[in-house]
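Chain by chain, the residues:
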Amino acid sequence: MTLYSLLFYLLAIIILASTVMAVTRRNLVHAIIYLVVSFFGSAMLFYLLGAPFLAAIEVIIYAGAIMILFLFIVMMIDVDRHKERLFPIRQCLPAIIFGLVYAAVGLMVTFGHSGSKASMPIAVATPNAFGRFVFEHHWLAVEIVSLLLLVALIGALYLGRLKIEKSAAAGKETP
Amino acid sequence: MWIFGFIALLVKIGLVLGGLLFVAAYLVWVERKLLARLQVRLGPNRAGKFGLLQPIADSIKLLTKEDIVPEAADRVLFLIAPAIVAVTALLMFAVVPFGTELLIAGQVIPLVVSDLNVGLLYVFALSSLGVYGVALGGWASNSKFALLGGIRGAAQMISYELALGLSLVPVVMLARSFSLVEIVNAQADYPFVLVQPVSFIIFFIAAMAESKRIPFDLPEAENELGAGYHMEYSGMRFGLFFLGEYVHMQILGALLAVFFLGGWRGPLLPPVVWLTIKMILAALVMVWIRGTLPRLRYDQLMVIGWKVLIPAALINIVITGAFIVY
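Owing to the predicted nature of the structure, the values given are computational and were not obtained by experimental measurement.

Rules used throughout
- Residues numbered from 1 in each chain as written.
- Chains lettered and ligands numbered in written order.
- Predicted model: local features only at pLDDT ≥ 70, side-chain atom pairs only at ≥ 80, totals over all residues.
- Heavy atoms only, no water.
- Contact = heavy atoms within 4.5 Å.
- Buried area = accessible area lost by both parts, 1.4 Å probe.
- Salt bridge = Lys/Arg side-chain N within 4 Å of Asp/Glu carboxyl O.
- Polar contact = N/O pair within 3.5 Å; in protein donor to acceptor, adjacent residues only side chain to side chain.
- Helix = DSSP H or I, 4+ residues; strand = E, 2+ residues; numbered from the N terminus.
- Nonpolar A, V, L, I, M, F, W, Y, C, P; charged D, E, K, R; others polar.
- Patch = residues over 30% accessible without salt bridge, like charges linked within 9 Å, V, L, I, M, F, W, Y side chains within 5 Å.
- Areas by Shrake-Rupley, 256 points an atom, 1.4 Å probe, with all protein chains shown as cover.
- Buried < 20%, exposed > 50% of the residue type's maximum accessible area, 1.4 Å probe, protein only.
- Phe/Tyr/Trp six-rings, centres within 6.5 Å; stacked < 30°, edge-to-face > 60°.
- Lys NZ or Arg CZ within 6 Å of the ring centre and 35° of its normal.

*Asks:* Go over the interface of chain B and chain A, please, and point to the residues and values.
*Replies:* At the junction of the two partners, chain B supplies 23 residues and chain A supplies 26 residues. Each partner contributes to the roughly 2000 Å² buried at the junction of chain B and chain A, and carbon and sulfur atoms together form 82% of this total. Broken down residue by residue, the surface that chain B buries against chain A is led by Tyr132(B), Trp139(B) and Ile151(B), which jointly contribute 29%. Summed over the shared surface of chain B and chain A, the number is 0 salt bridges. Summed over the shared surface of chain B and chain A, the result is 2 residue pairs in polar contact (both at pLDDT 80 or more). Listed by contribution, the elements that provide at least two residues to the side of chain B that touches chain A are helix H4 (119-140) and helix H5 (144-175) of chain B. Among the elements that line the side of chain B that touches chain A, the one with the most residues is H4(B), at 10 residues. In terms of residue class, the side of chain B that touches chain A is built from 18 nonpolar, 3 polar and 2 charged.

What follows is the structure in structure tokens.
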């Protein structure tokens, strides 16, 4: 076992364990922290597989920005209330079915594919090469994704505007 | 000869961390002295000549104080939150170059702990993780003031992170690299502050907001929140929050030097000295601003971040892009 595969399995264990913890925690803040650890582990995995750019972006966007927004909302919720109870069976069933399908596909990919025995060559994609590749071969997809984000941005702006105008109109009427 | 490289790496890490902690301790002294002068007071003057032993006395006091965990606090998160702040601040220095290569016994030693090709993104990644220390410290204390401080801190830091990131895009465009070593090399002829003064100003303001210093110190606003997110902390855990802040000041000085002032470049004096001078100067300017400006209101803070800095940074990117292409 080389150092790389050792690190890989170590990271895989960390990611799996923290994701399981994130799903099973009742305290939402703890769940978020475990999810952050899981994202951080994935970023390390990306780095190990030779994609430092992807690793950095994963930490900045997922572990940093998005989870902070989650934490932001969750922090204001009172954590220890409500009687703790399990989901009704009706809601568990789809989860179990999808989980089994996912596990089956995972096992098929792991053992059915001939390429799973070969070790991955160690290659590093510099941010420069990565950017060149994406913009030379998939520029249309990049533009479509950025347009999608722009639409989301304008939508958020519109919703915010609507609320401000409404409250301004309501404020004028009351006095 | 990997053993040699490994030892060199350990020595470098030791020197960098030692230097950072030493300067952090004396930055507190400099700040207290300078603030005292600005406010026509004397400042620390009992421990040693000019109060020079004050940082040592302070750290002994912090280390020997009782480490109190409030009963209602979330114990584990409460204990690790200060460490997150200090560790992310200390780790950021790993990509800052403090000279060219050094030749010892026929071995070339680059004077940087790690020359990552995504160095700039690494700094951002760590600074976005540092937000967790503030937010969790506030939440885990289970106190209203601390929670308010934590929420303010998280909101402020994610708002200004955008401006911080966007202000550096022109620098990356000019240097054509994310690596801090390459960015310094690209400034061999002239420092980037001459061609990117707008970026420089945006970066400086956003960086001050990131380190939560006085015009932007709403998360710890003493006269409204007691002490904000670190209110319930005592002893060295409180000290770690402060250590994080002062290490952060140095990091900002170093990044300012690397991105805009030519990094370690300078005439006559050795590179490390130049980098230190630029770092300390930036820190002194921050102390000066702290002694001059009042605290912003919350709405003013958000308006400056979202409606002034971010649009200015975006326009700056477009103009820089146009200049590079044509």
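*Asks:* Which residues make up a nonpolar patch on the surface, and what values do they have?
*Replies:* All names here are of chain B. Taken together, Leu34, Leu38, Leu268, Leu269, Val273, Ile277, Leu281, Leu284, Val285 and Trp288 make up a surface patch of nonpolar side chains, about 900 Å² in accessible area. Contributions of two or more residues to the nonpolar patch are made by helix H1 (2-38) and helix H10 (271-292). With 6 residues, H10 is the single largest residue contributor to the nonpolar patch. Inspection of the secondary structure assignment puts Leu268 in the loop between helix H9 (235-260) and H10. According to the relative accessible area criterion, Leu268 is exposed, its value standing at 90%.

*Asks:* Account for the packing of aromatic side chains, naming residues and giving values.
*Replies:* Residue and element names in this part refer to chain B. Scanning all chains against the criterion turns up 16 aromatic pairs over all chains. Taking 5.1 Å as the distance between ring centres and 35° as the angle between the ring planes, the aromatic pair formed by Phe238 and Phe242 counts as tilted. Separated by 4 residues within a single helix, Phe238 and Phe242 lie in helix H9, roughly one turn from each other. Note that Lys49 overlies the ring of Phe50, its terminal NZ or CZ placed 5.5 Å from the centroid.

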